[in-house]
Amino acid sequence: MLNELVVILFISILLMYFILAAQFESFLQPLIVLAELPIDMAFALCTLWLFGHTLNLMSAIGIIVTCGIIINDSILKLDAINELRKQNIPLMKAIHEAGRRRLRPIIMTSLTTIFAMVPLLFSHDMGSELQKPLSIAMISTMVIGTLVSLFIIPLVYWWLYRGKEKSV
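Remember, it's a predicted structure, so these values are computed and weren't measured experimentally.

1. Digging into a nonpolar patch on the surface
- The grouping of Ile39, Met92, Val143, Leu147, Phe151, Ile152, Leu155, Trp158 and Trp159 at the surface amounts to a nonpolar patch, some 850 Å² of accessible area in total.
- A total of 7 residues in the nonpolar patch trace back to one element, the largest contributor, which is helix H6 (residues 128–161).

2. Details of the packing of helix H1 (residues 2–24) against helix H4 (residues 57–86)
- Their axes nearest at 12 Å, the elements H1 and H4 cross at an angle of 10°. Our classification of the angle between H1 and H4 gives roughly parallel. For the pair formed by H1 and H4, the contact residues are Leu2, Leu5, Leu9, Met16, Leu20, Gln23 and Phe24 on the first element and Leu57, Ala60, Ile61, Ile64, Ile71, Ile75, Leu78, Asp79 and Asn82 on the second.
- For the contact of H1 with H4, the per-class residue count stands at 13 nonpolar, 2 polar and 1 charged.

3. Considerations on the environment of leucine 155
- Inspection of the secondary structure assignment puts leucine 155 in helix H6.
- Under the relative-accessibility criterion, leucine 155 is labelled partly exposed at 48%.
- It is 14 Å that separates the C-alpha atoms of leucine 155 and leucine 34, two residues lying 121 residues apart in sequence.

4. Points about the pattern of salt bridges
- Per the counting criterion, the structure on display carries 4 salt bridges.
- We note a salt bridge from glutamate 97 to arginine 100, for which the minimum N-O separation is 2.6 Å. Of the two residues, glutamate 97 and arginine 100 are both situated in helix H5 (residues 91–121); the distance of 3 residues between them amounts to about one turn of the helix.
- For glutamate 97, a relative accessible area of 22% gives the class partly exposed.

5. Description of the layout of surface pockets
- By volume, the largest pocket is sized at about 220 Å³.
- Around the largest pocket, the lining residues are Leu2, Leu5, Val6, Leu9, Phe10, Met41, Leu45, Leu55, Ala60, Ile63 and Ile64.
- Of all the elements in the fold, those that place two or more residues in the lining of the largest pocket are H1, helix H3 (36–50) and H4.
- Among the elements that make up the lining of the largest pocket, the one with the highest residue count is H1 (5 residues).
- Tallied by class, residues from the lining of the largest pocket come to 11 nonpolar, no polar and no charged.

Cut-offs and rules
Residues numbered from 1 in each chain as written. Predicted model: local features only at pLDDT ≥ 70, side-chain atom pairs only at ≥ 80, totals over all residues. Heavy atoms only, no water. Patch = residues over 30% accessible without salt bridge, like charges linked within 9 Å, V, L, I, M, F, W, Y side chains within 5 Å. Areas by Shrake-Rupley, 256 points an atom, 1.4 Å probe, with all protein chains shown as cover. Salt bridge = Lys/Arg side-chain N within 4 Å of Asp/Glu carboxyl O. Helix = DSSP H or I, 4+ residues; strand = E, 2+ residues; numbered from the N terminus. Axes fitted to C-alpha atoms, helices over the stretch in contact; angles between N-to-C directions. Parallel < 35°, antiparallel > 145°, perpendicular 65-115°, else oblique. Contact = heavy atoms within 4.5 Å. Nonpolar A, V, L, I, M, F, W, Y, C, P; charged D, E, K, R; others polar. Buried < 20%, exposed > 50% of the residue type's maximum accessible area, 1.4 Å probe, protein only. 1 Å grid on protein atoms, 1.4 Å probe; cavity = no way out; pocket = protein on both sides within 12 Å on 5 of 7 lines; lining within 4 Å. Points joined across faces, edges and corners; volume = space filled by probe spheres on them.

Below, the structure written as structure tokens:
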């Protein structure tokens, strides 16, 4: 089943790229958003290994679901930057203002998901051994994904567009 899940993941990433390319009207900006996926997945896998769990179907589903949530945060942040840039706001000011506007929704989304998964870490019911890798994967992906959405995505955007002050 994991092999099928990997194929589905790659197809969904490809489809997500095309949808984002149409939304942003750019071939470069979807790559900024999708660059977050390897970071999130690697951190989740390292955290699973650190806590003595393996990648199984439940943890893979947790990683995929959480990456979808985190990608949404990055999309909204880039969209806010683009909207501000269309109003002829300078690049750094647009990045800062978009960060200020999107900070609360990103933090609320992340904390809601993290706090929803915490009880699964401490449950000792029947089947809780299946849920622990899911919750560890989701919590770790949300933590690193939130940091990447807040700091790394705007940094990459700035790095790519710092010389092109008028283009979006």
